[in-house]
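Letter by letter, the chains look like this.
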Amino acid sequence: MRWDDLDKQPCSLARALSVVGDRWTMVILRDCFLGVRRFDDLEKRLGITRHVLADRLKKLVEQGVLYKTPYQQKPVREEYRLTEKGLELHPVVMALVHWGDRHMADERGAPIVHVHKQCGQAMQPVTVCSCCGEPVTARDIRVEVGSQWQELSEELLP
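Residues numbered from 1 in each chain as written. Predicted model: local features only at pLDDT ≥ 70, side-chain atom pairs only at ≥ 80, totals over all residues. Heavy atoms only, no water.

Undergrad: Can you walk me through the overall build of the chain in this structure?
TA: For the chain, the count of helices and strands is seven helices and two strands. Going residue by residue from the N terminus, the α and β elements of the chain occur as α-α-α-α-β-β-α-α-α. For the chain, the C-alpha atoms occupy an extent of roughly 55 × 40 × 30 Å along the three principal directions. The buried share of the chain, reckoned over its 158 residues, is 22%. Long-range contacts, defined as pairs at least 24 residues apart, comprise 34% of the intrachain contacts of the chain with a sequence gap of at least 6. Accessible surface for the chain amounts to roughly 12100 Å². Of this, 52% is attributable to carbon and sulfur atoms. (Helix = DSSP H or I, 4+ residues; strand = E, 2+ residues; numbered from the N terminus. Buried < 20%, exposed > 50% of the residue type's maximum accessible area, 1.4 Å probe, protein only. Contact = heavy atoms within 4.5 Å. Areas by Shrake-Rupley, 256 points an atom, 1.4 Å probe, with all protein chains shown as cover.)

Here it is in structure tokens:
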């Protein structure tokens, strides 16, 4: 499977990775969730070259994850904001942050704490079943081929 062909694969993970699957894109998204919106601010915070940042932002805009909106008229300057599609990546980012906090933190622990605005408590992301509300892990899930993909069942599942 070639990197440039991920978006054509019969796999939702591969298709998603074709949009957000490189290290710069994920840290750009992290900063967008933290409220960083302007090109210069992203460049400064990330230490990323202008060329790479412009390329990743362009792709995120083309894919409908971010949109540009003017914040200044003369000269026109734009900032990047998350679309609804982009906001739906929040659980993905939170899951990776939580994993990093558990397995990659040093002796100081997690660098930031996520606090639920409603109850005021530090929180950890939890995956739950959309039907019954019970927490689920990898061991609690069975995978089946989607009804419209039966002809590819041997390719989709081992």
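Undergrad: Please explain the packing of aromatic side chains as it appears in this structure.
TA: Two aromatic rings are characterised by how far apart their centres lie and by the angle between their planes. Enumeration over the complete set of coordinates arrives at zero aromatic pairs. Against the face of tyrosine 71 rests arginine 38, its NZ or CZ located 3.6 Å from the ring centre. (Phe/Tyr/Trp six-rings, centres within 6.5 Å; stacked < 30°, edge-to-face > 60°. Lys NZ or Arg CZ within 6 Å of the ring centre and 35° of its normal.)

Undergrad: Just checking my understanding: could you explain the pattern of salt bridges for this structure?
TA: Side-chain pairs of opposite charge can arise where the charged atoms are in close proximity. Overall, the coordinates contain 14 salt bridges when judged by the stated rule. Here aspartate 55 and arginine 56 are joined by a salt bridge, their closest N and O atoms 3.0 Å apart. Take aspartate 55: its relative accessible area is 41%, and that puts it in the partly exposed class. By relative accessible area, arginine 56 is classed as buried at 19%. A salt bridge links lysine 68 to glutamate 78; its shortest N-O distance comes to 3.4 Å. Of this pair, lysine 68 sits in strand S1 (residues 66-72) while glutamate 78 is found in strand S2 (residues 77-82), placing the two residues ten residues apart along the sequence. Salt bridges sharing common partners tie together Asp40, Glu43, Arg50 and Arg77. (Salt bridge = Lys/Arg side-chain N within 4 Å of Asp/Glu carboxyl O.)

Undergrad: What is the right way to look at the pairing of S1 in this model?
TA: Consecutive side chains of a regular strand alternate in pointing toward one face of the sheet and then the other. Bridge count between S1 and S2: six bridges; the pairing is antiparallel. Residue pairing in the sheet places tyrosine 67 in a bridge with arginine 81 of S2. Between S1 and S2, which pair antiparallel and follow one another directly, the connecting turn spans four residues. (Pairing = 2+ DSSP bridges.)

Undergrad: Help me understand helix H1 (residues 12-20), please; the structure alone is not making it clear to me.
TA: Considered for burial, the residues of H1 that qualify are Ala14, Ser18, Val19 and Val20. As for H1, its buried residues are in contact with helix H2 (23-33) and helix H4 (50-62).

Undergrad: Where do I start with the nonpolar core in this structure?
TA: Side chains that are nonpolar tend, in soluble globular proteins, to be buried together. Core analysis: the largest hydrophobic core is formed by 21 residues, its most contacted members being Val20, Ile28, Leu29, Leu53, Leu57, Leu60 and Leu66. Those elements that place two or more of their residues in this core are H1, H2, helix H3 (39-46), H4 and S2. In contact with leucine 53, other than residues within four places in its own chain, are Ile28, Phe39, Leu42, Glu43 and Ile48. (Core = buried A, V, L, I, M, F, W, Y, C linked by side-chain atoms within 4.5 Å.)

Undergrad: Looking at this structure, how should I read the packing of H2 against H4?
TA: For any two helices packed against each other, the geometry comes down to the angle between their axes and how far apart the axes lie. Where H2 meets H4, the closest approach of the two axes is 10 Å, and the angle between their N-to-C directions is 75°. Classed by the angle they form, the pair H2 and H4 counts as roughly perpendicular. Every residue of H4 that contacts H2 at Trp24, Thr25, Ile28 and Leu29 is listed here: Val52, Leu53, Arg56, Leu57 and Leu60. Classifying every residue of the contact of H2 with H4 gives seven nonpolar, one polar and one charged. (Axes fitted to C-alpha atoms, helices over the stretch in contact; angles between N-to-C directions. Parallel < 35°, antiparallel > 145°, perpendicular 65-115°, else oblique. Nonpolar A, V, L, I, M, F, W, Y, C, P; charged D, E, K, R; others polar.)

Interpretation note: all reported values are geometric properties and have no functional meaning in isolation.
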